[in-house]
Amino acid sequence: MSRVAVKRRILRVKDTARIPKVDSLAAEEPLEIRLDGTPLTVTMRTPGDDFDLAAGFLVSEGAVGAADDIATIRYCAGATVDGGNTYNVLDVRLAPGVTAPAPRNFYTTSSCGVCGKASLEAVRTVARWSAGDDPVELAQPTVAALPDRLRAAQRVFDRTGGLHAAGLFTSDGEPLCVREDVGRHNAVDKLLGWALRNDRLPLRGTVLMVSGRASFELVQKAVMGGIPVLAAVSAPSSLAVELAAEEGLTLIGFLRGNSMNVYTGERRLSITPSAGYGSAGAHSPG
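So, a few notes on the structure that sits alongside this text. (Residues numbered from 1 in each chain as written. Predicted model: local features only at pLDDT ≥ 70, side-chain atom pairs only at ≥ 80, totals over all residues. Heavy atoms only, no water.)

## Observations concerning the sheet that holds strand β12 (residues 229-232)
Here is step 1: As summarised here, the arrangement of the 6 strands in space is β10-β9-β11-β12-β13-β14, forming an open sheet in which the pairing is mixed. If you trace the sheet from one side to the other, it starts and ends with β10 (175-181) and β14 (259-264), each paired once. Put simply, the sheet's adjacent strands are angled 20 degrees from each other on average, direction ignored.
Here is step 2: Bridge analysis of strand β9 (residues 164-170) against strand β11 (residues 206-210) gives 5 bridges, and the strand direction is antiparallel. (Pairing = 2+ DSSP bridges. Helix = DSSP H or I, 4+ residues; strand = E, 2+ residues; numbered from the N terminus. Axes fitted to C-alpha atoms, helices over the stretch in contact; angles between N-to-C directions.)

## Considering the environment of T43
Here is step 1: With respect to the element layout, T43 can be found in strand β4 (residues 38-45).
Here is step 2: Sequence separation between T43 and E29 is 14 residues, and the spatial gap between their C-alpha atoms is 8.4 Å.
Here is step 3: Here the side chain of T43 touches N186 through a polar contact of 3.4 Å, side chain to side chain. (Polar contact = N/O pair within 3.5 Å; in protein donor to acceptor, adjacent residues only side chain to side chain.)

## With respect to the pattern of salt bridges
Here is step 1: Enumeration over the complete set of coordinates arrives at 10 salt bridges.
Here is step 2: When the shortest N-O distance is used, the salt bridge between D91 and R93 registers 3.6 Å.
Here is step 3: Because the salt bridges share partners, they merge into one network encompassing D49, D52, R179 and R197. (Salt bridge = Lys/Arg side-chain N within 4 Å of Asp/Glu carboxyl O.)

## Here's the deal with helix α1 (residues 50-60)
Here is step 1: Burial runs high along α1: 10 of the 11 residues are buried.
Here is step 2: Within α1, burial applies to D50, D52, L53, A54, A55, G56, F57, L58, V59 and S60.
Here is step 3: In the stretch just after α1, G62 is the one whose phi turns positive, near 80 degrees. (Buried < 20%, exposed > 50% of the residue type's maximum accessible area, 1.4 Å probe, protein only.)

## Things to note about helix α7 (residues 216-224)
Here is step 1: Among the 9 residues of α7, 9 are classified as buried, and the element is accordingly described as predominantly covered.
Here is step 2: For α7, the set of buried residues is F216, E217, L218, V219, Q220, K221, A222, V223 and M224.
Here is step 3: Directly after α7, the chain includes G226, whose backbone phi takes a positive value near 75 degrees.

## Observations regarding the nonpolar core
The nonpolar side chains of a soluble globular protein tend to be buried with one another.
Here is step 1: In this structure, L58, I70, V92, L208, V219 and L230 are the most contacted members of the largest nonpolar core, which totals 45 residues.
Here is step 2: Ranked by residue count, the leading element in this core is helix α6 (residues 184-197), at 7 residues.
Here is step 3: If sequence neighbours within four positions are ignored, V92 has contacts with I33, R34, L35, D36, A54, L58, I70, T72 and I73.
Here is step 4: In this structure, L146, A165, M209 and L255 belong to the second largest nonpolar core, which totals 18 residues. (Core = buried A, V, L, I, M, F, W, Y, C linked by side-chain atoms within 4.5 Å. Contact = heavy atoms within 4.5 Å.)

## Concerning the pairing of β10
The side chains of a regular strand alternate between both faces of the sheet.
Here is step 1: Taken across its 7 residues, β10 has 5 buried, putting it largely inside the fold.
Here is step 2: Sheet topology places β9 next to β10; 6 bridges connect them, and they run antiparallel. Each residue of the ladder has a partner; that of G167, found in β10, is V178.
Here is step 3: Here β9 folds back onto β10 in antiparallel fashion, the turn holding 4 residues, of which G173 has a positive phi close to 90 degrees.

## Looking at the packing of aromatic side chains
Aromatic rings in a pair are described by how distant their centres are and how their planes are angled relative to each other.
Here is step 1: Under the counting rule described, the total for this entry stands at 2 aromatic pairs.
Here is step 2: Plain terms: the ring middles of F51 and Y75 are 5.3 Å apart, the flat faces sit at 45 degrees to each other, and that makes the pair tilted. One end of the pair, F51, is in helix α1; the other, Y75, is in strand β5 (residues 70-75), with 24 residues separating them in the sequence.
Here is step 3: Exposure remark for F51: the relative accessible area of 23% places this residue in the partly exposed category.
Here is step 4: Aromatic side chains Y75 and Y87 sit 5.1 Å apart centroid to centroid with 75 degrees between the ring planes, which places their arrangement in the edge-to-face category. Of this pair, Y75 sits in strand β5 while Y87 sits in the loop between β5 and β6 (89-94), and the two are 12 residues apart along the sequence. (Phe/Tyr/Trp six-rings, centres within 6.5 Å; stacked < 30°, edge-to-face > 60°.)

## Some words on the packing of α1 against α6
Here is step 1: Packing of α1 against α6 brings their axes to within 6 Å, and their N-to-C directions diverge by 90 degrees. The orientation of α1 with respect to α6, classified from their angle, is roughly perpendicular. Of the residues in α6, those in contact with F51, D52, L53, A55, G56, F57, V59 and S60 of α1 are N186, D189, K190, L192, G193, W194, L196 and R197.
Here is step 2: Classifying every residue of the contact of α1 with α6 by side-chain character gives 8 nonpolar, 4 polar and 4 charged. (Parallel < 35°, antiparallel > 145°, perpendicular 65-115°, else oblique. Nonpolar A, V, L, I, M, F, W, Y, C, P; charged D, E, K, R; others polar.)

Structure follows, in structure tokens:
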């Protein structure tokens, strides 16, 4: 199944020219996740890597932490009135003894990963692993190169210009996995699901690089996956910085070229003076 992009006829206007053309749009469709046949949540996502998305969602919720916690994941046949399969409904069966998370009785948009949570305390899910205990160290030039490496792997973005990206990298800057989605939180869940299904949790010694801002829910997902470093090309929120500090996660924002702001966990970053980054070189949003 591949529905990551769809074609649509549009009118291109430039100066006085009016040019009919066909444009590629990033696909956005609902995905319903069920547990043992019972609806759990609905999220808007870009189709593709749906099994990873469902598994990563359960990692983020603190329900699973190893591949054998999940017995099966399958698309639900007969999801429509006429008995067809939309490939937009997944049923996850947990292994015996694994406690299912409480159903989320709300609709999750592609821009929101924690909507519907009753309170801040409910969002602070208890993590299985401590990001603060990870001794990984990163060279500043390695971190500075991550946005370009992430962008180079955004194949669907090249066609549509409308997707977020999240990438897992080693401490040496080598890519482990890159995922794209209309929802930034979905892209990260797809990474966590990939890691779970490949027995790579916790993701110690890795860096999570995201194409947008560093929101609270992305910090939480990094913590839930045992990721010690989160880097973003844009700004973090105040709550994201607060959670990163509490959990011992290194949080980097405004990562653009050799300029970056290190909000928490600066002990993990080895600064290279010759690269031109120092206390006066941090990016200041203008």
